[in-house]
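# Architecture at a glance
Listed below, chain by chain, are the residues.
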Amino acid sequence: MDNPCHYPINYYNLPYDCGLSYARNFLVQKAYEARIKYCFLTADSIKFTEKYNLEPIINFLNSNEKNALVGFDLKDRQSFEYDLELNQQMGRFVLKRPKREVIVYQNIQFQPVDICRNFFLAKTEKLIEVKWDNILKLCEHEDRAYRAKNEGQLSYYTNVIQAEYIPDKPPEYAKMRSRLYTEFVAKLKQKYNLTTPGGWIHYDRT
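What comes next is a walk through the structure. (Residues numbered from 1 in each chain as written. Predicted model: local features only at pLDDT ≥ 70, side-chain atom pairs only at ≥ 80, totals over all residues. Heavy atoms only, no water.)

It is worth spelling out the overall build of the chain at this point. Of regular secondary structure, the chain possesses six helices and 10 strands. Whereas a compact globule of 206 residues would reach a radius of gyration of roughly 17 Å, the chain reaches 18 Å, a difference of no more than 12%. Expressed as lengths along the three principal axes of its C-alpha atoms, the size of the chain is roughly 60 × 45 × 35 Å. When each of the 206 residues of the chain is scored for burial, the buried share is 42%. Of the contacts formed within the chain by residues at least 6 apart in sequence, a portion of 75% connects residues at least 24 apart. For the chain, the computed accessible surface area is about 12700 Å², with 50% contributed by carbon and sulfur atoms. Between the mean site of the 30 positive side-chain charges and the mean site of the 26 negative ones, the chain shows a separation of 3 Å. (Helix = DSSP H or I, 4+ residues; strand = E, 2+ residues; numbered from the N terminus. Rg over C-alpha atoms; globule rule 2.2 N^0.38 Å. Buried < 20%, exposed > 50% of the residue type's maximum accessible area, 1.4 Å probe, protein only. Contact = heavy atoms within 4.5 Å. Areas by Shrake-Rupley, 256 points an atom, 1.4 Å probe, with all protein chains shown as cover. Lys, Arg positive; Asp, Glu negative; His and termini not counted. Charge placed at Lys NZ, Arg CZ, Asp CG, Glu CD.)

Okay, structure coming up:
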């Protein structure tokens, strides 16, 4: 008898240094072509610590056509669940504490947010509608969240699903990731005509 927990795995060999955005868009497109309705975005640095029941998350996503994704928790990591604005005068994306009312659905709390960590379950069609910018191999996070918000997509956060982050960046990989703060911040700021020197994020903790 076949193992009921067995599922086929597809492996794709993508071009070296194609970037996070390209890789995600490629895989989401494959999921869409295969008529897979939901994508679970995670990374090899995220360790699953239990078996997760995604059924109530899927039910919640389907409770509103505009619902796009639900972000999850990473144990002992800085939160990144915020509302997101673009302040041209400041030259920054502004992250604000979410203040919209929490939605309780099937006894689970869902906090409306504009941006969350890159650990979430999303409707595949919503990721197709608002893709990551392939030019931004890094520093892509705020860009896509901001555009998704402006397209009317609704995002949420819940801690009912939690995993662990395993820090492991070999020197060569760390060197490539560090381009986020130089080359790709510059590309992001150029895209939005942000001329103020320095970084691209301002935390409004009020």
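Each aromatic ring pair is characterised by the separation of its centres together with the angle its planes make. Per the counting criterion, the structure on display carries 17 aromatic pairs. Considering the side-chain rings of tyrosine 12 and phenylalanine 26, the 5.3 Å spacing of their centres and the 75 degrees angle between planes classify their relative orientation as edge-to-face. Of this pair, tyrosine 12 sits in the segment before α1 (20-33) while phenylalanine 26 is found in helix α1, placing the two residues 14 residues apart along the sequence. By relative accessible area, tyrosine 12 is classed as partly exposed at 32%. Note on phenylalanine 40 and phenylalanine 119: the rings are 5.6 Å apart at their centroids and 35 degrees apart in plane angle, and the pair reads as tilted. Highlighted residues: phenylalanine 40 in strand β1 (residues 38-41) and phenylalanine 119 in the loop between β7 (108-113) and β8 (120-123), separated in sequence by 79 residues. Since its relative accessible area comes to 0%, phenylalanine 119 is described here as buried. One aromatic cluster in this structure is built from Phe40, Phe48, Tyr52, Phe72 and Phe119. Its end group placed over the ring of tyrosine 165, arginine 77 keeps NZ or CZ at 3.8 Å from the ring centre. (Phe/Tyr/Trp six-rings, centres within 6.5 Å; stacked < 30°, edge-to-face > 60°. Lys NZ or Arg CZ within 6 Å of the ring centre and 35° of its normal.)

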